[in-house]
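Descriptive analysis of the structure
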Amino acid sequence: MTAYPGPSLLTLASSLLLFACSAYVGRCRMKFAIEAPATSGHPQFEIAYRIQMNTLENTVAFLPVLWVFALNLSSFWATLLGGGWLLARVWYALAYARDPKTRGAGFGLSMLCFAALGLGGAWGVLRGLLG
């Protein structure tokens, strides 16, 4: 069996990011007295909730392309592009929490990394099918 330490570490780090986003929502729930199942209330809670949901949505799409790329093209490049995605998602979350208008750069960079992983992974699969 071949080991994939980089993509494996990124998968674990992505789970940690999701946990951190959930914890931030929980802290905001307590701070602003927003009782579950409410998903609206204080603006900072709504920001925290959107950070969590957007990060969850993006992680669900990111993990498959990370692994398809790693398994079919390059574990090394999957790790670099995946690391870029992860850092950009952290940048997005921190910027969004400070001022929602500043979240665009982190989001854009994460989407570039995602696109590279998706296109590269597709190329790797097609190359394997045709070769």
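First, a word on scope: everything that follows refers to the structure included in this document. As the structure is a prediction and not an experimental result, all values here were calculated from the model.

Conventions used here
Residues numbered from 1 in each chain as written. Predicted model: local features only at pLDDT ≥ 70, side-chain atom pairs only at ≥ 80, totals over all residues. Heavy atoms only, no water. Helix = DSSP H or I, 4+ residues; strand = E, 2+ residues; numbered from the N terminus. Expected span 1.5 Å × (residues − 1). Buried < 20%, exposed > 50% of the residue type's maximum accessible area, 1.4 Å probe, protein only. Contact = heavy atoms within 4.5 Å. Axes fitted to C-alpha atoms, helices over the stretch in contact; angles between N-to-C directions. Parallel < 35°, antiparallel > 145°, perpendicular 65-115°, else oblique. Salt bridge = Lys/Arg side-chain N within 4 Å of Asp/Glu carboxyl O. Polar contact = N/O pair within 3.5 Å; in protein donor to acceptor, adjacent residues only side chain to side chain.

Along the chain, Ala 36 connects to Pro 37 via a cis peptide bond; the corresponding omega equals 15°. Relative to the assigned elements, Pro 37 resides in the loop between α1 (5-31) and α2 (43-72). We note that Ala 33 has phi near 50°; this positive angle belongs to a residue other than glycine.

Before going further, it helps to spend a moment on helix α4 (residues 104-130). A rise of 1.5 Å per residue sets the reference length of α4, with its 27 residues, at 39 Å; its end C-alpha atoms lie 38 Å apart and thus fit the reference within 8%. Looking at α4, one finds that the buried residues are Gly 106, Ser 110, Cys 113, Leu 117, Gly 120, Gly 121 and Gly 124. Contacts from the buried residues of α4 go to α2 and α3 (75-98).

This part takes up the packing of α1 against α2. Remark: α1 packs on α2, axes separated minimally by 9 Å, with the N-to-C direction vectors making an angle of 170°. The angle between α1 and α2 places the two elements in the roughly antiparallel class.

What follows covers the pattern of salt bridges. Taken as a whole and judged by the stated rule, the model has one salt bridge. A salt bridge links Glu 57 to Arg 50, with the nearest nitrogen and oxygen atoms 3.9 Å apart. Note on Glu 57: relative accessible area 46%, which makes it partly exposed. For Arg 50, a relative accessible area of 34% corresponds to the partly exposed category.

A few words on the side chain of Thr 55. The topology assignment puts Thr 55 in helix α2. Among the polar contacts made by the side chain of Thr 55, one reaches the side chain of Arg 89 at a distance of 3.5 Å.

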